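A look at the structure
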Amino acid sequence: ATDAHSTQTTTTLDRVPLATAFVIHEVAYPEDGRGWNQRLEELGFLPGERVLVLTRGQPGGDPLAVRVGHSTFALRRVEASCVRVRPWPTAVVKS
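So, how was this worked out
- Numbering of residues begins from 1 in every chain and follows the order in which that chain's sequence is written.
- Restriction of local features to residues with pLDDT of at least 70 applies here, the model being predicted, together with a cutoff of 80 or more for giving and counting side-chain atom pairs; totals for whole chains, interfaces and linings are based on all residues.
- Where side-chain values are given, they derive from all heavy atoms of the structure, hydrogens and water being excluded.
- Strands pair, by our definition, only if DSSP identifies at least two bridges between them.
- Secondary structure elements are taken from DSSP: a helix is a run of H or I of four residues or more, a strand is a run of E of two residues or more, and numbering for both begins at the N terminus.
- Here a salt bridge means any side-chain nitrogen of Lys or Arg lying within 4 Å of a carboxyl oxygen belonging to Asp or Glu.
- Only protein chains enter the area calculation, which uses a 1.4 Å probe; residues under 20% of their type maximum are buried, those over 50% are exposed, and those in between are partly exposed.
- Only buried residues count toward a nonpolar core, which is a set of Ala, Val, Leu, Ile, Met, Phe, Trp, Tyr and Cys residues joined through side-chain atoms within 4.5 Å.
- Contacts are residue-level and defined by heavy atoms, with any inter-residue pair within 4.5 Å sufficient.
- pLDDT is defined as a per-residue confidence score from the predictor, taking values between 0 and 100.

Strand direction decides the pairing type here: strand β4 (residues 64-68) and strand β5 (residues 71-75), joined by five bridges, are antiparallel. Within β5, the residue paired with R67 across the bridge is T72. Between β4 and β5, which pair antiparallel and follow one another directly, the connecting turn spans two residues, one of which, G69, has a positive phi of 65°.

Next up on the list: the pattern of salt bridges. The final tally for this structure, using the stated rule, is two salt bridges. For R39, the salt bridge is made with E79, and the minimal N-O distance between the two is 2.9 Å. Note that R39 is positioned in helix α1 (residues 36-43) and E79 in helix α2 (residues 77-80), a separation of 40 residues in sequence. When its relative accessible area of 4% is taken as the criterion, E79 is described as buried. Residues joined by salt bridges that share partners form a network here, namely R39, R76 and E79.

Our focus in this paragraph is the nonpolar core. Within the largest apolar cluster, 16 residues are counted, with the highest numbers of intra-cluster contacts made by L13, I24, F45, V51, V66 and V85. Every element with two or more residues in this core is listed here: β2 (22-27), β3 (50-56), β4 and β6 (83-87). Apart from the residues within four sequence positions on either side, L13 is in contact with F45, V51, V53, L64, V66, L75, A80, V83 and V85.

A word on unusual backbone geometry. In this chain, Q58 is followed by P59 through a cis amide linkage whose omega measures -5°. Following the sequence through the fold, P59 ends up in the loop between β3 and β4. Despite not being glycine, A19 shows a phi value in the positive range, around 55°. Locating A19 in the fold gives a position in the loop between β1 (11-12) and β2. Judged by its relative accessible area of 59%, A19 is exposed.

Let's shift gears to the sheet that holds β2. Strand order in the open sheet formed by six strands is β1-β6-β2-β3-β4-β5, and the pairing between neighbours is antiparallel. If you trace the sheet from one side to the other, it starts and ends with β1 and β5, each paired once. Bridging between β2 and β6 involves five bridges; their strand directions are antiparallel. Its bridge partner being in β6, I24 is matched across the sheet by V85.

Turning to the confidence of the model for the protein, a few remarks are in order. Here the protein shows a mean pLDDT of 85. Residues at 70 or above account for 85%. β4 holds the highest mean pLDDT among the elements of the protein, 97, whereas α1 holds the lowest, 83. This stretch, residues 1-6, has a pLDDT under 50; its non-local contacts, to residues over four places away or in other chains, come to one contact.

Next up, the structure:
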């Protein structure tokens, strides 16, 4: 069986529009990102979780205020760039 989500386009969390829901597809850590995987996992950045960027710091867009689940965290852009997301599935309304 083909995974319906595998054909959807993914992007990184640092590039998504504000206040738009996405689902975490995967978290890919850089080789020099020691400890990031544990930190992000402890914060709830896990595949399948709902996530959205609430705001970006000024100037330069760093850090990002990110909501994952029911919690809000500040992430550096470099950390957010490790989180691959896809659009949150929209609900099907039956008539």
